[in-house]
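# Close look at the chain arrangement
Chain by chain, the residues run as shown.
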Amino acid sequence: MKPSKISAVSAARTSEHGPAPTPLTEETVSPWPVFWVASIATFLVALDSTMLFAAFDPLRHAFSTASPADLSWVINAYTVVYATMLIPAGGLADTYGRKRVFLLGGVLFLVASAACGLAGHVGWLVAARVLQAMGAALLTPASLSIVLAAFPQNKRAVVVSLWGAVGGLAAAVGPSAGSFVIDHFGWPWAFYINLPLGGYALWRGASLLSESALSSERRRVDVVGMALLMLAVGSITLAIVEFEAPHWSRTELAVMGLTGVMASVAFVAWARRIPFPLVDLALFQHRTYRYVNLATLSFGTAFSMMFLTFFFYVMNIWHYSLPQAGLAVTPGPLLVMPTAIVTGRLASRLGHRRFLVGGSLLYALSGLWFLLVPGNEPNYVLHWLPGLILSGISVGLVLPSLSAAAVSRLPAAHYAVGSAVNQATRQIGSVLGVALTVALLGHATLQRADFDALYLLHAALALVTGLLCLPVDTKPRAAQS
């Protein structure tokens, strides 16, 4: 295709769907190379968010003086900072250019990954994870915005579902991949593994992507809003994680939890009174967007609880080794991608509601299976595998559909911010899920009955997700058809 024709294609997209921030370059007419470059970054970020579930016991041995609550911050420091940074990062991508923010985030993520692997003290590891979370937060909304801008409107439902499926697959296979890597090479390689793939994505992105910005207005970053959100999520998480810790009194933890609630209220009040808040509350005037984000919070909590509980169970009750535990959880994640691809194609014609509700019910059933069926004696094929199959299919139905439904009705100018709020909501749910799991299962000696409360909560949160998805309406309008 000649350059003039490329310009014509770009101009046609601009007039019909708003600005085309990532026009096709001479190197490629198909938008799929752009998709795969952006998806590599998404894959690494999602992989990193769950791979450390498999590293909890190895880290406990590597940092023997650290308490389980301290080690939980290796996971939760990442997710708290990631959640709060995602939203301003979405605004930065929309304002200053998706390619620029994407490449900056990639460099920061890779440097921090190397620093994590080199950390010799748990405090330095947590600090490096904070830096890594900042890079991941810059990558994620820029990645989705790049993908959305590269495809025409009638392809976006399928493409966003596939983009969500890549992230869902990475998050799902993270624990099993982590167990293999950590057992063979040591826990630092859970971070070093990011370097080759991330380096390739940066190299290809620098040459393939075109710079753009949707807005000429340079918005200020809402530092006060970020601080309030971090205080809210961090305080509530700390109160949950340290609930059984002897060096915290019940009064101190109650004050900490109350501080988190008050910071949440202050965050909403602050967002209402300033012109450019961290979270534009007007986004939640969209009924579908409002309910999708509430559902994302409940499902994100259940999702992180599920994987961390898997490893606690098979390693402490069935006494599997780390590689065996990784293999034991693998079949479920392998079902996520094919399920998500089929769901995305169908949702582009039928809408997402039936898949969200059906998947949530199936996820609740998987929680009940693990509550009622597995016992103290290992019986993988009959007692564990069916529950994994249920959970894998249900995650493939729900997780990518939540991402796609969140942006389905948003105007182009709000793609990055809108998707960032949704991803941040999921990360906050993940923080709560990890905090609850560590609080209930973080002690040294575990028995089968210790898992009952978590599996009941898993099923309850899945049912709540299904109820919240009932008002979701993303069925294509007649005019669009």
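Residues numbered from 1 in each chain as written. Predicted model: local features only at pLDDT ≥ 70, side-chain atom pairs only at ≥ 80, totals over all residues. Heavy atoms only, no water.

### What to know about the overall build of the protein chain
What counts, and what does not: Starting at the N terminus, helices and strands are each numbered in turn, a helix being any DSSP run of H or I of at least four residues and a strand any DSSP run of E of at least two. Only protein chains enter the calculation, and the probe is 1.4 Å; a residue is then buried if its accessible area is under 20% of its type maximum, exposed if over 50%, and partly exposed in between. Working rule for contacts: check all heavy atoms of both residues, and any pair within 4.5 Å makes them a contact. Note that accessible areas follow from Shrake-Rupley with a 1.4 Å probe, and for residues the cover is restricted to the protein chains shown.
Counting secondary structure elements, the protein chain contains 19 helices and 0 strands. Counting over 481 residues, the protein chain shows a buried share of 59%. Expressed as a percentage of contacts within the protein chain between residues at least 6 apart in sequence, the contacts between residues at least 24 apart total 84%. Of the roughly 18,900 Å² of accessible surface on the protein chain, 67% is carried by carbon and sulfur atoms.

### Re the packing of aromatic side chains
To keep it simple, the criterion reads: Any two of the Phe, Tyr and Trp rings considered here, Trp counted by its six-membered ring, make a pair once their centres fall within 6.5 Å; the pair's planes then place it as stacked at under 30 degrees, edge-to-face at over 60, or tilted in between.
Applying the stated criterion across every chain, the model contains 22 aromatic pairs. Ring geometry for F35 versus W36: centroids 4.9 Å apart, planes at 85 degrees, classification edge-to-face. Of the residues examined, W36 reaches a relative accessible area of 45% and is grouped as partly exposed. Judged by centre distance (5.7 Å) and plane angle (35 degrees), the rings of Y78 and Y82 are tilted. Here Y78 pairs with Y82, and both are found in helix α4 (residues 68-96), just 4 residues apart, close to one helical turn. The pair Y78 / Y82 is uniform in exposure class, with both members buried.

### Things to note about the pattern of salt bridges
Heads up, the rule is: Any Lys or Arg side-chain nitrogen located within 4 Å of an Asp or Glu carboxyl oxygen qualifies as a salt bridge.
This structure, assessed with the given rule, holds 2 salt bridges. Two residues, R129 and D48, come together in a salt bridge whose shortest N-O distance is 2.6 Å. Residue R129 is found in helix α6 (residues 122-150), and its partner D48 is found in helix α2 (residues 32-51); the two are separated by 81 residues along the sequence. Taking the relative accessible area as the measure of exposure, R129 reaches 0% and is therefore buried. With a relative accessible area of 2%, D48 lands in the buried category. Salt-bridge contacts for D452 lead to R448; the nearest nitrogen and oxygen are separated by 2.9 Å. For R448, a relative accessible area of 13% gives the class buried.

### Topic: unusual backbone geometry
Excluding glycine, a negative phi dihedral is what most residues carry, and trans is how most peptide bonds are arranged. The phi angle at H319 is positive, at roughly 60 degrees, despite the residue not being glycine. Considering the arrangement of structural elements, one finds H319 in the loop between α12 (287-316) and α13 (322-329).

### Some remarks on a nonpolar patch on the surface
Operational definition: Patch membership requires more than 30% relative accessible area and the absence of a salt bridge. Residues of like charge join within 9 Å; the nonpolar side chains Val, Leu, Ile, Met, Phe, Trp and Tyr join within 5 Å.
Side chains of V107, V111, L131 and M134 sit close together on the surface and give an oily, nonpolar patch of about 300 Å² of accessible area. Those elements that place two or more of their residues in the nonpolar patch are α5 (98-118) and α6. Relative to the helices and strands, V107 is located in helix α5. Relative accessible area serves as the criterion here: at 46%, V107 is assigned to the partly exposed category.

### A word on α13
Basically, it comes down to this: Starting at the helix axis, one direction is taken to each C-beta atom, and the arc is that of these directions.
For α13, every residue scored as buried is listed here: L322, A325, G326, A328 and V329. Taken around the axis of α13, the buried residues stretch over an arc of 160 degrees, which confines them to a single face.

### So, the nonpolar core
As a reminder, the rule being used: The term nonpolar core refers to a set of buried residues drawn from Ala, Val, Leu, Ile, Met, Phe, Trp, Tyr and Cys, joined through side-chain atoms within 4.5 Å.
Counting 147 residues, the largest nonpolar core has L125, F303 and W384 as the members making the most contacts within it. No other element matches α12, which puts 16 residues into this core. Sequence-distant contacts of W384, that is, excluding residues within four places in its chain, are made with F310, Y313, V314, W318, A328, F370, P374, N379 and Y455.

### Digging into the packing of α12 against helix α19 (residues 452-469)
For clarity, the threshold we go by: For every element, the axis is a line fit to its C-alpha atoms; helices are fit only across the contacting stretch, and the angle between N-to-C directions ranges from 0 to 180 degrees. Angles are sorted into four bins: roughly parallel if under 35 degrees, roughly antiparallel if over 145, roughly perpendicular if 65 to 115, and oblique for all others. The sense of a crossing depends on the near helix, which, turned anticlockwise from the far helix by less than a right angle, makes the crossing left-handed and, turned clockwise, makes it right-handed.
α19 packs onto α12 with a crossing angle of 155 degrees between their chain directions and a minimal axis gap of 9 Å. It follows from the interaxial angle that α12 and α19 lie roughly antiparallel. Here α12 and α19 pass one another in a crossing that is left-handed. When α12 is examined against α19, the residues Y291, L294, A295, S298, F299, T301, A302, M305, M306, T309 and Y313 are found in contact with a partner set consisting of L454, Y455, L457, H458, L461, V464, T465, L468 and C469.

### As for α2
Cut-off, in case you're wondering: The span one expects for a helix is its residue count, reduced by one, times 1.5 Å.
Taking 1.5 Å per residue, 20 residues should reach 28 Å; α2 reaches 27 Å between its end C-alpha atoms and fits that length. The buried fraction of α2 is high, at 16 of 20 residues.

### Section: the packing of α5 against α6
The cut-off we apply is this: Ten residues, namely Ala, Val, Leu, Ile, Met, Phe, Trp, Tyr, Cys and Pro, are considered nonpolar, four, namely Asp, Glu, Lys and Arg, are considered charged, and the remaining ones, Gly among them, are considered polar.
With their axes 7 Å apart at the nearest point, α5 and α6 run at an angle of 150 degrees to one another. If you check the angle between α5 and α6, you find them roughly antiparallel. Here α5 and α6 pass one another in a crossing that is left-handed. Looking at the contact of α5 with α6 residue by residue, the class counts come to 18 nonpolar, 7 polar and 2 charged.

### Observations regarding the side chain of S179
With respect to the secondary-structure elements, S179 resides in helix α7 (residues 156-185). Overall, S179 belongs to the buried group, its relative accessible area being 1%. Excluding anything up to four places from it in sequence, S179 contacts A54, F311, L322 and G326.

### Comments concerning a positive patch on the surface
Cut-off, in case you're wondering: Only four residue types enter the tally: Lys and Arg on the positive side, Asp and Glu on the negative side; His and the chain ends are excluded. Charge positions are represented by NZ for Lys, CZ for Arg, CG for Asp and CD for Glu.
There is a patch of like positive charges on the surface, built from R287, R290, R353, R354 and K475. Contributing elements (two or more residues each) for the positive patch: α12 and α16 (353-372). Mapped onto the elements, R353 comes out in helix α16.

### Let's talk about the confidence of the model for the protein chain
Low pLDDT marks stretches whose predicted atomic positions should not be read closely. Test applied: On a scale of 0 to 100, pLDDT captures the predictor's confidence in every residue.
With 88% of its residues at a pLDDT of at least 70, the protein chain reaches an overall mean of 81. Mean pLDDT in the protein chain bottoms out at helix α1 (residues 3-17), which sits at 40, and peaks at α16, which reaches 96. Low pLDDT, under 50, characterises residues 1-28; the stretch is placed with 46 contacts to residues that sit more than four places away or in other chains.

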